[in-house]
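# Structural characterization, general
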Amino acid sequence: MTNSKVAVVTGSGQGIGKGIAERLAQDGFAIILSDRNGEVLEQTTKEFKNQHDQVASFIGDVSNPADQKALVKTAVDQFGSVDVFVNNAGIELVCPFEEIAPENLENIFRINVFGVVYGIQAAAEQMKTQETGGKIINACSIAGHQAFDMLSAYSATKFAVRAFTQATAKEYAKYNITVNAYCPGIVGTSMWDRIDEEMVKYMGLQKGEAFKKYAEGIALGRTEEPTDVADFVSYLASPGSNYMTGQSIMIDGGIVFN
């Protein structure tokens, strides 16, 4: 048990999720790191334990509802509550629309949409038992506000995340549970490395050129870092956001405006 608030972050073995978990740890949260890649998760957990006392980990698949419930139980057993649950885990799919294969479509929806649904359900079930309620924070994207060519399936999953964010915010408000989402843009992570690699196959570009092409339109003149996203999630996890719910906010340096 702990006197600190407790934050669970899925997909936190690396990339944006790791950055979010690091920032929330700095904010004083006890952290449950979760990822389906056990090797990466083990390394990240070691790094965190060298810097923070209140860290635990859980290997799980967000698309499995039993894993999501077990993740929440691990947090409660370790630290006593779940005050913040970040549905960060997600994957990409880059290809022309007519080449979307059934197995790829099913997989991206299982992770990006079903995973968020099961995470919200598991977190809310626990938070409803807590007098303080809690904060559920979902990974959306600028692609959840504006669909992008070659990323149609990914965009569709993020539009779905926006819908679930709005609907669950309405349902859970009476329990003092807020539900919001963060919408990153072009972030320098392994996911964007993979997007660039797939883009060049279809666009006749050299490695790195697709990433550069998409980054040219950023108003602030630089690509995004995981810390840029983590700083915003820190706000969503803080008391400062107590009067915000149902929102999917873009943190993209100025790419999509609406």
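Please read all numbers here as calculations on a predicted model, not as lab measurements.

Before going further, it helps to examine the nonpolar core. A general tendency of soluble globular proteins is for nonpolar side chains to be buried together. Within the largest apolar cluster, 28 residues are counted, with the highest numbers of intra-cluster contacts made by Val8, Ile32, Val82, Phe85, Met127, Ile136 and Ile177. Contributions of two or more residues to this core are made by strand E1 (6-10), strand E2 (30-35), strand E3 (55-59), helix H3 (65-79), helix H4 (102-127), helix H5 (152-172) and strand E6 (177-184). No other element matches H4, which puts 6 residues into this core. Leaving out residues up to four positions away in the same chain, Val8 has contacts with Ile32, Leu71, Ala75, Val82, Val84, Phe85 and Val86. Ranked by size, the runner-up nonpolar core spans 26 residues in total, among them Ala7, Ile16, Ile20 and Tyr182.

Pairing between E2 and E3: 5 bridges, direction parallel. Residue pairing across strands places Ile32 opposite Ala56, the latter belonging to E3.

The next thing to look at is H3. For H3, with 15 residues, the first-to-last C-alpha span of 21 Å sits near the 21 Å given by 1.5 Å per residue. When H3 is considered as a whole, its buried residues turn out to be Gln68, Leu71, Val72, Thr74, Ala75, Val76 and Phe79. As for H3, its buried residues are in contact with E1, E2, E3, strand E4 (84-87) and H4. Measuring from the side-chain oxygen of the N-cap residue of H3 to the backbone nitrogen of Ala66 gives 2.9 Å; that N-cap residue is Asn64. One or two steps after H3, the chain reaches Gly80, where phi turns positive at roughly 100°.

Residues given the UniProt feature "active site" (unreviewed entry) here are Tyr154. When its relative accessible area of 11% is taken as the criterion, Tyr154 is described as buried.

Rules used in this analysis
Residues numbered from 1 in each chain as written. Predicted model: local features only at pLDDT ≥ 70, side-chain atom pairs only at ≥ 80, totals over all residues. Heavy atoms only, no water. Core = buried A, V, L, I, M, F, W, Y, C linked by side-chain atoms within 4.5 Å. Buried < 20%, exposed > 50% of the residue type's maximum accessible area, 1.4 Å probe, protein only. Helix = DSSP H or I, 4+ residues; strand = E, 2+ residues; numbered from the N terminus. Contact = heavy atoms within 4.5 Å. Pairing = 2+ DSSP bridges. Expected span 1.5 Å × (residues − 1). Polar contact = N/O pair within 3.5 Å; in protein donor to acceptor, adjacent residues only side chain to side chain. UniProt positions renumbered as here; feature names shortened; annotations may be inferred.

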